Number of protein chains: 2
Amino acid sequence: MARVLTPRAEDFPRWYQDLIAKAQLADNGPVRGTMVIRPAGYAIWERMQAEMDARIKAAGAENAYFPLFIPESYLKREAEHVEGFSPELAVVTHGGGKQLAEPVVVRPTSETVIGEFMAKWIGSYRDLPLLLNQWANVVRWEMRPRIFLRTSEFLWQEGHTAHVDEADARAYARRILHEVYEDFMVRELGIPVLVGLKTARERFAGATATYTCEGMMGDGKALQLGTSHELGQNFAKAFDMTFTSAAGSVEHAWTTSWGTSTRMLGGLIMVHGDDNGLRVPPRLAPVQAHIMVVKAGDGVAEAAAKLRDALRDAGVRVGLDDRTDTPFGRRAVDAELKGYPVRVEVGPRDLAAGNAVLVRRTNGSKTPVPVTDVVAAVLAALEADQQSLHDEALALRESRTVTVQTLAEAIEAAATGWARVPWSEVGPAGETEANGKGVTVRCLVRADGSVPDSEDEPDLVAILARAY
Amino acid sequence: MARVLTPRAEDFPRWYQDLIAKAQLADNGPVRGTMVIRPAGYAIWERMQAEMDARIKAAGAENAYFPLFIPESYLKREAEHVEGFSPELAVVTHGGGKQLAEPVVVRPTSETVIGEFMAKWIGSYRDLPLLLNQWANVVRWEMRPRIFLRTSEFLWQEGHTAHVDEADARAYARRILHEVYEDFMVRELGIPVLVGLKTARERFAGATATYTCEGMMGDGKALQLGTSHELGQNFAKAFDMTFTSAAGSVEHAWTTSWGTSTRMLGGLIMVHGDDNGLRVPPRLAPVQAHIMVVKAGDGVAEAAAKLRDALRDAGVRVGLDDRTDTPFGRRAVDAELKGYPVRVEVGPRDLAAGNAVLVRRTNGSKTPVPVTDVVAAVLAALEADQQSLHDEALALRESRTVTVQTLAEAIEAAATGWARVPWSEVGPAGETEANGKGVTVRCLVRADGSVPDSEDEPDLVAILARAY
């Protein structure tokens, strides 16, 4: 097969951009840093949304929608928040043909405006917890944009919740972290994320604790795929969000926020893509079985249509490519690029022998299968390949992660993968040193792999890596 | 029952605002003209999206996402378009802490940016039709905002398609009009919309034809609920969107666009709401059967949970209110406000007799039903009440529509409802006169009710009304 993409080993960033362009996932927008998500990319995002949304609702949160425009003054109420976001803001100064009395910012995130409304809606402890989520676009002006990973506008979900006390807020931030984010990423995305606590330096602007899901990309770098924050009473105090407790006292609420975005599309590509294109995990894939008519012939179109119906009846998301006026080779290359998990090729020669050919994107195998067995074979392949993509990603992570004892060793190891090193050997000073060399502390975990409450706990392990 | 809302007959606009606030559907946002869609309102919007999206996909369109920010220069390429939208634009002048070299506008609609990309993606006739849709927020600065009806930011879907010739573009604009919009509005929203052609004056900025779905609200005014436009070759020429035809010539494509928005939530309220609150048509309702525990008692919680499971198993979307620490009367008022189609009240006294009480929101009936018959009774009520809400709206429209022969009579009739009058008696001059009196030509239809291709066809009927 002719070389379609720059090979990963040759130039990973170039391969990434090639793949996005040739698989028609996205384009750069006309305003610097913005992107156009094309149908092939957006269909995957819709599947991500559906799976995430079901988990968010199962965790008790309700969807709502808050305005795109936020008064500049709101951002300024929480000191760390304004400092964190000011350099990235887009500012609207004119509306309806006139200069605005107060400029408004395009939301970089909605803590402030949602804080304002939660304060209005919460009266007593009976109104808590208040669990909200929104699917929206946000804007953070990017100087070095890269599609899906860093764009001036991106799509995301942002959850915002208020609780009666710190323990309830913490439990909920962690519930989202594990039951929504980690579960989705491991089971659907097939990405074995490492879950931990961010250091103070890497925390969200205004948070008291930030939990993260970190994935290892195909080049050994880390990508932060989702974060869940405890905000303490910072935003509640900034927006006077109080409630009457069961005992009758007036108290500030404890809030959380948590988000995942179209950045996950970048992670999906960089974890599962190969030199022929994307590989979409079967459970996530908008099209799981892609039926291709090889060429026209006696009964071929009918057989393809019958297979499509049988697969659909079996609950498989199925596509049908019968564009026999386009060369089969070109269509096959396109199918590889798009990463459909299973292709079912139907052509006159195989059909004469009662067969179709099953092509599995994950391992590239091509197997003639009796037409009557296609549904069972597809179902088995989808299940097996979901697991094997996950296992392949896990094997890569394990092979590229080393355990070391000093900061110097960790920084060296981060040139090619991840380093596990005692946090006591790093600390804030070591973190500064690492940052100077392009290496960051991705997160802290306990020795048993569980997520710490504070970076001051003893015996924590720091994961150091280069990151997107 | 105590008066909760201003009665419709007393002050319809006040009733509308009261209902939105008390049913907790939405709030005004902090920036003038923006809105916060609360969970009770957003859940209805999600149901609208799901039903619409399925129809849009069935019509062959694929979802994509285009940027929020559009270079100011794009808007200026199509003369009528820039003139139509300039007064409503929000302009971003600063990004990332710096003044921008070229200001960008926040999309009021995406014809221009999508035109730019379609031009890139289309090469030959084989790439056509290109059928795209996006779900997004748009901004049109509003001087006289009203929640859901006119807001500076609103949520919508906008379809954009390109075709080989005018006939194909027209057929598709009309397919969306009937198979997506009219079908959704009549079958799901329960609003018997009148479908017709806009006059040249009321056309979308840059369109050659605008088709519309108009609904009659509870006060006799009209609301435009969705529009589908033929754009001719205007945008294709402005963005150099050409294709190589089957014959080998290079031609400009013919495009369409079509949209519906959160304005439909306003229509839903004003068509089906009554003096006790909202009434949501059963097929649309996020919660179709709302189980209420009247008060705690022997076996009550268990019976309520069993009914919930049984209804869910029967495919009913079901909610459960067991907050027995809140007075039942207050909860019942809230359920009326929210407009759940059917309430199933479970209390110790009825349960002792083996009954639950079925309360139908549409007609207010309260009927004791044996617990074993509840599922069947709920299913029957949901089906019947979907129809009766539609029929009630149709009866109102018919009773408030008069057929007249002169412009003067039409303007007079529009004070309380709709007037049907020969378009030949109105014409552009009469339209100007009517506009001066707060009356607009909502649309033109043929005598047999079908949708004309042009306002120059003979024997057209004009529908005149006041409108939102």
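Data block above holds the structure.
Just so it is clear, the model here is predicted, and its values are computed rather than measured.

Asker: Looking at this structure, how should I read the relation of the copies chain A and chain B?
Answerer: Copy one and copy two of the chain differ by a rotation about a common axis and a shift along it. Expressed as a screw transformation, the operator carrying chain A onto chain B has a rotation angle of 180° and an axial translation of 0.0 Å, and the superposed copies differ by an RMSD of 0.0 Å. Both chain copies can therefore be described as sitting about a two-fold axis. The rotation axis passes nearest to the C-alpha of V92 of chain A in chain A, at a distance of 2.1 Å. Mapped onto chain B, 100% of the interface residues of chain A are again interface residues, and the two copies thus contact each other with one and the same surface.

Asker: Is there a simple way to explain the packing of aromatic side chains in this structure?
Answerer: All names here are of chain A. Going through the model one piece at a time under the given rule, you end up with 22 aromatic pairs over all chains. Measuring from ring centre to ring centre gives 5.9 Å for F66 and W121, while their planes differ by 45°; the resulting arrangement is tilted. Placement of F66 in the loop between strand 3 (62–63) and strand 4 (69–71) and of W121 in helix 5 (residues 111–121) is noted, with a sequence separation of 55 residues between them. Given the relative accessible area of 1%, F66 is considered buried. Put simply, the rings of F66, F117 and W121 touch in pairs and so form one group of aromatic residues.

Asker: Explanation requested: the interface of chain A and chain B in the structure shown.
Answerer: You'll often see interface size given as the accessible area lost when the parts meet. Listed as interface residues are 54 residues of chain A and, on the opposing side, 54 residues of chain B. Taking both partners together, chain A and chain B bury about 4200 Å²; carbon and sulfur atoms supply 64% of that area. Inspection of the chain A/chain B interface yields six salt bridges. Of the charged contacts, one joins E46 of chain A and K57 of chain B as a salt bridge, the two residues approaching to 3.3 Å between their closest N and O atoms. Between the two partners, chain A and chain B, sit 24 residue pairs in polar contact (both at pLDDT 80 or more). Ranked by residue count, the leading element in the side of chain A that touches chain B is strand 5 (residues 90–95) of chain A, at six residues. Here the residues of the side of chain A that touches chain B sort into 32 nonpolar, ten polar and twelve charged. Sheet analysis places strand 5 of chain A next to strand 5 (residues 90–95) of chain B, joined by five bridges and oriented antiparallel. Its bridge partner lying in strand 5 of chain B, H94 of chain A is registered against V91 of chain B.

Asker: Is there a simple way to explain the pairing of strand 21 (residues 418–422) of chain A in this structure?
Answerer: Two faces belong to every sheet, and in a regular strand the side chains alternate between them. Residues and elements named next belong to chain A. Here strand 20 (residues 401–403) pairs with strand 21 via three bridges, running parallel. The residue bridging T403 from the neighbouring strand is R420, located in strand 21. At this point the chain moves from strand 20, through helix 13 (residues 407–413), to the parallel strand 21, and the crossover so formed is right-handed. Bridging between strand 21 and strand 23 (residues 461–465) involves four bridges; their strand directions are antiparallel.

Asker: Sorry if this is basic, but what is going on with helix 10 (residues 328–338) of chain B here?
Answerer: Along an α-helix, residues three or four positions apart point the same way, because every turn accommodates 3.6 residues. Residues and elements named next belong to chain B. Taken as a whole, helix 10 has its buried residues at R331, A332, A335, E336, L337 and K338. In the core, the buried residues of helix 10 are packed alongside helix 1 (12–22), helix 2 (39–58), strand 15 (289–293), strand 16 (318–321) and strand 17 (342–346). Note on helix 10: the residue one or two positions beyond its end, G339, has a positive phi of about 80°.

Parameters at a glance
- Residues numbered from 1 in each chain as written.
- Chains lettered and ligands numbered in written order.
- Predicted model: local features only at pLDDT ≥ 70, side-chain atom pairs only at ≥ 80, totals over all residues.
- Heavy atoms only, no water.
- Least-squares fit on C-alpha atoms with pLDDT ≥ 70 in both.
- Contact = heavy atoms within 4.5 Å.
- Phe/Tyr/Trp six-rings, centres within 6.5 Å; stacked < 30°, edge-to-face > 60°.
- Helix = DSSP H or I, 4+ residues; strand = E, 2+ residues; numbered from the N terminus.
- Buried < 20%, exposed > 50% of the residue type's maximum accessible area, 1.4 Å probe, protein only.
- Buried area = accessible area lost by both parts, 1.4 Å probe.
- Salt bridge = Lys/Arg side-chain N within 4 Å of Asp/Glu carboxyl O.
- Polar contact = N/O pair within 3.5 Å; in protein donor to acceptor, adjacent residues only side chain to side chain.
- Nonpolar A, V, L, I, M, F, W, Y, C, P; charged D, E, K, R; others polar.
- Pairing = 2+ DSSP bridges.
- Right-handed = clockwise from strand over helix to strand, strands pointing away.

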